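# Inside the fold
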Amino acid sequence: MDTGNGFSEAGLRRLREVLARHVESKRIPGLVALVSRGGQAHVEAIGTMRHDGGAPMRRDTIFRMASTSKPVTVAAAMILLDECRLRLDEPVDPWLPELADRQVLKRPDGPLDDTVPARRPITVRDLLTSTFGLGVDFRLMNSPIRAATFERLDYSVASGPAPEPDEWMRRLGELPLSYQPGERWQYDLSSEVLGVLVARVAGRPLETFLRERVLDPLGMKDTGFHVPADSIDRLPPLYGPDPQTGEFLVWDEATGGRSSRPPAFQGAGGGLVSTVDDYHAYFRMLLDHGMHGSERILSRAAVELMTTNRLTPEQQAARDAMYRNIAHLAVGQGQQGGWGFGMAVRTHRCDYSPVGQFGWDGGTGTTAYADPDSRVTGILLTQVGMSTPDSARLIHDFWTTLHQATDD
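These numbers come from a predicted model, not from an experiment.

Further remarks concern the sheet that holds strand E2 (residues 40–50). Taken together, 8 strands build an open sheet; the order of strands is E3-E2-E1-E16-E15-E14-E13-E12 and the sheet is antiparallel. Strands with a single pairing partner mark the edges of an open sheet, and in this sheet they are strand E3 (53–56) and strand E12 (337–339). Each neighbouring strand pair of the sheet contributes to a mean axis angle of 20 degrees, computed without reference to strand direction. Relative to strand E13 (residues 344–346), E12 is paired through 3 bridges, and the arrangement is antiparallel. Residue pairing across strands places Gly337 opposite Arg346, the latter belonging to E13. The strands that helix H12 (residues 390–405) touches are strand E1 (30–37), strand E14 (358–362), strand E15 (366–371) and strand E16 (376–381); relative to E16, the one it contacts most, it runs at about 155 degrees.

Rendered as structure tokens:
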């Protein structure tokens, strides 16, 4: 029987049972999930904010989105493209002079001083497609460039907050590229650079521009780069379970933690906090080709560029090979095939998820994707970091079950 929102009652019941099983295993303290089809949303809030009990998860619980930030922050760059304040194939040098006149390693795993000049400048397209020449490459984890990048630019939970953007860019500018611009897809770093580019072109902080043009028009009132004091009780702690024992270690508390104050560096690649309803509003806008009610947020063409594969066959082959070698660590995440602007795009059927589905996952145990054909959106938020496979398994089971719940 159909529930009236495009899902079967039995399917939604099974979805709740699968999610509840993960919470009952004591490996996931709590979660909030939203599934929708054609605008009608169904929400499950299961478990508690803390691993030792306390307040229950609620529909308006605020989560650290980690890399699931990327599909939202990229909209700011698309607005600048829509307005011809940026052009896809122009060099970024005028706004990011730190990236002019790059040197490129002769071998990606070679010494940092063994370089050749870049064949061409870095373009806006290179940043949007994550191919500007630097980033996380799972096959280069022991290379000198990985160590140097980590030392200068990483600001994960363990390493403390990032410096302000100009200092961050100065540090980036000291490094050679691993690959020639446009040659290879590498993860993460390009999103952060893109956030700095947006701020410089817009002439104001990334968050200010994003709020004006995307967040406020969509009513995403709980989305930003920190949680205000009057809402901090809605933010759970962030856990990173011990890989050996599974013990819940707190990576970041709510009160007094990193999300409780505005950061010096507004990280477009992983800095947002948000709720399931805010993210639902955003993905609905993408499914509606850039429209929110009668208001246009992005052009139809911008949404099509973001949500369809932008990688060349050569870039695609390298990305596939890289993720194939670590699939066992992430329960298949990253195996979607393609990459648009700021998000993954399914280019082939490899599991229960359909070709054309777009979105991404986050290392804090978050996932958000939408499918343009069925108009199904799924958002699942926890705060269990991927130091163990538990949140990745939960995310996998969420999608496997959700794609069985549609009843045509």
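Next comes the rest of the description.
A word on the packing of helix H2 (residues 70–82) against helix H6 (residues 189–202). Following both chains from N to C, one finds H2 and H6 inclined at 40 degrees, their axes separated by 10 Å at the closest point. Between H2 and H6, the angle falls in the class oblique. When you trace H2 past H6, the crossing you get is left-handed. On H6, the residues touching Lys70, Val74, Ala76, Ala77 and Leu80 of H2 are Ser191, Leu194, Val198 and Val201. Along the lines of polarity and charge, the residues of the contact of H2 with H6 split into 7 nonpolar, 1 polar and 1 charged.

This next bit is on the pairing of E16. Within E16, 6 of the 6 residues are buried, leaving the element largely enclosed by the surrounding structure. The side-chain alternation of E16 yields two buried faces, one formed by Val376, Gly378 and Leu380 and the other by Thr377, Ile379 and Leu381. Strand direction decides the pairing type here: E1 and E16, joined by 6 bridges, are antiparallel. Counterpart to Val35 in the pairing with E16 is Gly378. Pairing between E15 and E16: 6 bridges, direction antiparallel. Directly across from Thr367, in E16, lies its bridge partner Leu380. In sequence, E15 turns back onto E16 through a hairpin of 4 residues, with Arg375 there showing a positive phi of about 60 degrees.

What follows is about unusual backbone geometry. You will see that Ala66, though not glycine, has its phi angle at about 50 degrees, which is positive. Along the chain, Ala66 turns up in the loop between strand E4 (63–64) and H2. Backbone geometry places Ser130, a non-glycine residue, at a positive phi of 65 degrees. Within the element layout of this structure, Ser130 appears in the loop between helix H3 (124–128) and helix H4 (144–153). What makes Ser130 buried here is its relative accessible area of 3%.

Counting buried positions along E14 gives 5 out of 5 residues, so the element sits mostly inside the fold. Burial along E14 is two-sided: the face carrying Phe358, Trp360 and Gly362 and the face carrying Gly359 and Asp361 are both buried. Sheet topology note: the E14/E15 ladder contains 5 bridges and is antiparallel. Bridge pairing in E15 places Trp360 opposite Ala368.

Looking now at the environment of Gly290. When you line up the elements, Gly290 lands in the loop between helix H8 (276–287) and strand E10 (291–292). Residues in contact with Gly290, not counting those within four places in the same chain, are Met285, Glu295, Arg296, Ile297, Leu298 and Val303.

Summarising the element assignment, Leu80 is placed in helix H2. Note: C-alpha distance between Leu80 and Met343 (263 residues apart in sequence) is 18 Å. Ignoring any residue separated from it by four or fewer positions in sequence, one finds Leu80 in contact with Arg85, Leu86, Val198, Val201 and Phe209.

So, about the nonpolar core. By size, the foremost hydrophobic cluster in this structure holds 78 residues, and its most contacted members are Leu128, Trp168, Tyr282, Leu286 and Leu298. Top contributing element to this core by residue count: H2, with 9 residues. Setting aside anything within four residues of it in sequence, one finds Leu286 in contact with Leu298, Val303, Met306, Thr307, Met343 and Phe358. Grouped together as the second largest cluster of nonpolar side chains are 32 residues, Leu19, Ile28, Trp339 and Leu380 included.

Bringing the packing of aromatic side chains into the picture now. Across all of its chains, the model carries 11 aromatic pairs by this definition. Considering the side-chain rings of Trp185 and Tyr187, the 5.9 Å spacing of their centres and the 25 degrees angle between planes classify their relative orientation as stacked. For the ring pair Tyr282 and Phe283, a centre distance of 5.8 Å and an interplane angle of 80 degrees mean the geometry is edge-to-face. Note on Phe283: relative accessible area 0%, which makes it buried. By the ring-pair criterion, three or more aromatic residues cluster together here, those being Trp185, Tyr187, Trp339 and Trp360.

Definitions and limits used
- Residues numbered from 1 in each chain as written.
- Predicted model: local features only at pLDDT ≥ 70, side-chain atom pairs only at ≥ 80, totals over all residues.
- Heavy atoms only, no water.
- Pairing = 2+ DSSP bridges.
- Helix = DSSP H or I, 4+ residues; strand = E, 2+ residues; numbered from the N terminus.
- Axes fitted to C-alpha atoms, helices over the stretch in contact; angles between N-to-C directions.
- Contact = heavy atoms within 4.5 Å.
- Parallel < 35°, antiparallel > 145°, perpendicular 65-115°, else oblique.
- Left-handed = near helix turned anticlockwise from the far one by under 90°.
- Nonpolar A, V, L, I, M, F, W, Y, C, P; charged D, E, K, R; others polar.
- Buried < 20%, exposed > 50% of the residue type's maximum accessible area, 1.4 Å probe, protein only.
- Core = buried A, V, L, I, M, F, W, Y, C linked by side-chain atoms within 4.5 Å.
- Phe/Tyr/Trp six-rings, centres within 6.5 Å; stacked < 30°, edge-to-face > 60°.

None of this, on its own, says anything about what the molecule does.
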